[in-house]
Amino acid sequence: MVFMAGNLSDEKSVWDFTYDIMHTLNQAIPLSRFDTYLNICPHDNMEQLHAAKETGVKWVQYNMEVAGEKDYTKICPGKTPYHVLLNKYREAVDVFGFGKVRSNFVLGLQPVYVLIDGVRELSELGVVPDYSIFQPKRGTKAEFMPIPSLNEIFAFNEALMAIYRKHNFDPIYCNMSSRSSIINEGFTLQHHNTPLA
């Protein structure tokens, strides 16, 4: 089960709205029965994290999108400041546990080696990196940016799989119920001894 909330200027309101939904649903169907994810803006206070965990949420996800303070500040203006976000990750790991906090990244917005270094550092905090592949959208500032090459995708996926093995991280969602996780696909292919390239 996945709860996904957008961003408002007031993080507390986002968490309050989302908690009300989770709490109400939890009274009818215990969320702890499911592999429940909360993809949301960073928490406003620690009580919000504890309340979410008490409803049965097992994973919390704050998406950094771009690794490293320089690129993050340039490419994601207006988001939570980088140093504040790192602290929010640490607090979330303290509540949910090592490997129970996630962040998505967009492969193609920065050089692959920079992204690999960034997700390695974040994984040491206990944050599980996931990713999607950049697709240019018409009318945006990035509409003419190139998409990553297959070699870049394979190289990043291999590096990410090594990070997962090192920290015993789990891919997002169940590989039997969702085919949208690239890292899940990599592990499935590896299990069947199928080459990635």
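Residues numbered from 1 in each chain as written. Predicted model: local features only at pLDDT ≥ 70, side-chain atom pairs only at ≥ 80, totals over all residues. Heavy atoms only, no water.

K.L.:
What am I meant to see in the overall build of the chain here?
P.N.:
Each helix and strand in the chain was counted, giving seven helices and five strands. Each helix and strand of the chain, ordered N terminal to C terminal, gives the series β-α-β-α-β-α-α-β-α-β-α-α. The 197 residues of the chain split such that 44% are buried. Counting contacts in the chain only where the partners sit at least 6 residues apart, residues at least 24 apart contribute 67% of the total. Accessible surface, the chain as shown: approximately 10800 Å² in total, 56% of it carbon and sulfur. (Helix = DSSP H or I, 4+ residues; strand = E, 2+ residues; numbered from the N terminus. Buried < 20%, exposed > 50% of the residue type's maximum accessible area, 1.4 Å probe, protein only. Contact = heavy atoms within 4.5 Å. Areas by Shrake-Rupley, 256 points an atom, 1.4 Å probe, with all protein chains shown as cover.)

K.L.:
Is there a simple way to explain the sheet that holds strand β3 (residues 59-61) in this structure?
P.N.:
Paired through their backbone hydrogen bonds, the strands of a sheet run either parallel or antiparallel. Across the sheet, which stays open at both edges, the five strands sit in the order β1-β2-β3-β4-β5 with parallel pairing between neighbours. Edge strands, defined here as strands with exactly one partner in the open sheet, are β1 (2-4) and β5 (127-133). Strand-to-strand twist of the sheet, defined as the mean angle between neighbouring strand axes without regard to direction, takes the value 25°. The pairing of β3 with strand β4 (residues 101-107) spans two bridges and is classified as parallel. Looking at the pairing, Q61 lines up with R102 of β4. Those strands touched by helix α6 (residues 150-167) are β4 and β5, and its axis lies near 165° from that of β5. (Pairing = 2+ DSSP bridges. Axes fitted to C-alpha atoms, helices over the stretch in contact; angles between N-to-C directions.)

K.L.:
Quick question: what am I supposed to make of the pairing of β5 here?
P.N.:
Both faces of the sheet carry side chains from a regular strand, because those side chains alternate between them. Of all the seven residues making up β5, five are buried; the element is thus mostly covered by neighbouring parts of the structure. Where β4 and β5 come together, seven bridges link them in parallel fashion. Following the sheet pairing, N104 is matched in β5 by D130. In this fold, the crossover linking β4 to β5 by way of helix α5 (residues 112-124) has right-handed handedness. (Right-handed = clockwise from strand over helix to strand, strands pointing away.)

K.L.:
Is there a simple way to explain a nonpolar patch on the surface in this structure?
P.N.:
Judged by side-chain polarity, M1, I29 and F34 come together as a nonpolar surface patch covering roughly 210 Å² of accessible area. What makes F34 partly exposed here is its relative accessible area of 31%. (Patch = residues over 30% accessible without salt bridge, like charges linked within 9 Å, V, L, I, M, F, W, Y side chains within 5 Å. Salt bridge = Lys/Arg side-chain N within 4 Å of Asp/Glu carboxyl O.)

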